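Structural overview
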Amino acid sequence: MTDVSGAPADVLHTLFHSDQGGHEQVVLCQDRSSGLKAVIAIHSTALGPALGGTRFYPYASEAEAVADALNLARGMSYKNAMAGLDHGGGKAVIIGDPETLKSEELLLAYGRFVASLGGRYVTACDVGTYVVDMDVVARECRWTTGRSPENGGAGDSSVLTAYGVFQGMRASAQHLWGDPSLRDRTVGVAGVGKVGHHLVGHLLGEGARVVITDVRDESVRRTVAEHPSVAVAADTEALIRVDGLDIYAPCALGGALGDDSVPVLTATIVCGAANNQLAHPGVEKDLADRGILYAPDYVVNAGGVIQVADELHGFDFDRCKAKAAKIFDTTLAIFARAKEDGIPPAAAADRIAEQRMAEARRG
């Protein structure tokens, strides 16, 4: 079903009428010569210019791409608010397979579209885009972060994203078990790409046992080659059922926690890098009902956005790492608020983020 504009009615309903909407601006971008089709969604600029990455992904439909951009942009508003950044939330998605469609011409065209927003949206890397891509985008757009050190940037933001998730895990362990150490705990990492690979290193360094899986065989092979002690599960379905699993870390795409996965999950903590891990509203209650502690994704995976935001002001790695380390304290504060209010941690995090954005609007 479509409305008079030809856009799918469910997408427009989400944008204008649902609790998941409320976005300030959505821009549809097309450059036929390069094959670029992109969506830039700005959810909020209450705290400052919207900041969020560019996802390059072969969506099944344009409607799916728009919906993902809306969800991701909204999530960035909450993430940036909880990270204490003076940035609102935005996200861009480029439709297509980056392995076959990505080109210099396409990235330059995309950069021109971002630049046309005049700084309302600041872009960076995400799934399917890398530092080298942001270097190209930056040739047309000065509101680009996640660039290489050679071009005045901070480099790969997945380094501090993984570090922040690791701090969130330690906070979760402190809250649930009274000790932040992960030594001898079994952690399942679903997705060992950019962030998951770094996370495995932190976990093994802490003395944890690690089980991994990934849809890309080359990612698994690379991780096993570097860390021979890791075990490998056949797929995510097998991973979440591993006996003795203490922590489950979804580090791939969103929707990892839903009606099919939560009932069979053996872990007692969920803490991972993936965005939008809850497949639908209410999953957080399902987790709580099973006694599973959920560390809100947009809180623990904020290390990367802390890094790219710092790049706008002259990047300093030690300063960023110190900020990312505070994810430990932020996560503990959310668990305390959840207990005080009698709500799941995801709802507690939302309340804190919404309060900061509301205060900024009033100010």
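Look up: the structure comes first, before these words.
We now turn to the structure provided with this report. Just so it is clear, the structure is predicted and the values come from calculations on it, not from any experiment.

Topic: the packing of aromatic side chains
The final tally for this structure, using the stated rule, is 3 aromatic pairs. Between the aromatic rings of Tyr-57 and Tyr-59, the centroid separation amounts to 5.1 Å while the plane-to-plane angle is 70°, which identifies the pairing as edge-to-face. Relative accessible area serves as the criterion here: at 27%, Tyr-57 is assigned to the partly exposed category. Owing to a relative accessible area of 9%, Tyr-59 belongs among the buried residues under this scheme. Between the aromatic rings of Tyr-78 and Tyr-298, the centroid separation amounts to 5.7 Å while the plane-to-plane angle is 65°, which identifies the pairing as edge-to-face. Taken together, the residues span a long stretch of sequence, with Tyr-78 in helix H2 (residues 62–82) and Tyr-298 in helix H11 (residues 297–300) at a distance of 220 residues. For the pair formed by Tyr-78 and Tyr-298, the shared burial category is buried. Between the NZ or CZ atom of Arg-185 and the centre of the ring of Trp-177, over which it lies, the distance is 3.7 Å. When the ring centre of Tyr-130 is taken as reference, the NZ or CZ atom of Lys-194 above it lies at 4.5 Å.

Some remarks on the state of the cysteines
In total, this model carries 0 disulfides according to the counting rule given. This cysteine, Cys-141, is not joined by any disulfide, and Cys-29 carries the nearest cysteine sulfur, 11 Å off. By relative accessible area, Cys-141 is classed as buried at 1%. Cysteine Cys-271 is unpaired, with the sulfur of Cys-251 as its nearest cysteine sulfur at 8.5 Å.

Remarks on the side chain of Asp-133
If you trace the backbone, Asp-133 turns up in helix H5 (residues 131–137). Other than its neighbours up to four places away in sequence, Asp-133 contacts Lys-102, Leu-107 and Gly-128.

A few points about helix H4 (residues 104–115)
For H4, built from 12 residues, the straight-helix expectation of 16 Å at 1.5 Å per residue is met to within 8% by its first-to-last C-alpha distance of 16 Å. Those residues of H4 lying buried are Leu-106, Leu-107, Leu-108, Ala-109, Tyr-110, Gly-111 and Val-114.

Calculation criteria
- The numbers attached to residues start from 1 for each chain and follow its sequence in the written order.
- With the structure being a predicted model, the display of local features is reserved for residues of pLDDT at least 70 and the display and counting of side-chain atom pairs for 80 or more, all residues being used for whole-chain, interface and lining totals.
- Only hydrogens and water are set aside; all other atoms, that is, all heavy atoms of the structure, feed into the side-chain values.
- Side-chain rings of Phe, Tyr and Trp (the six-membered ring for Trp) are treated as a pair once their centres are within 6.5 Å; stacked means planes under 30 degrees apart, edge-to-face means over 60, and tilted covers the remaining angles.
- Each residue gets one of three labels from its accessible area relative to the maximum for its type: buried under 20%, exposed over 50%, partly exposed in between, using a 1.4 Å probe on protein chains only.
- The numbering of helices and of strands both runs from the N terminus, where a helix is a DSSP run of H or I of at least 4 residues and a strand a run of E of at least 2.
- Only when the NZ atom of a Lys or the CZ atom of an Arg is both within 6 Å of the ring centre and within 35 degrees of the ring normal do we say a charge sits over the ring.
- We call a pair of cysteine sulfur atoms a disulfide when they lie within 2.5 Å.
- The contact criterion used throughout is that any non-hydrogen atoms of two residues lie within 4.5 Å.
- Helix span is expected to be 1.5 Å times the residue number reduced by one.

As far as function goes, none of this settles anything; it's purely spatial.
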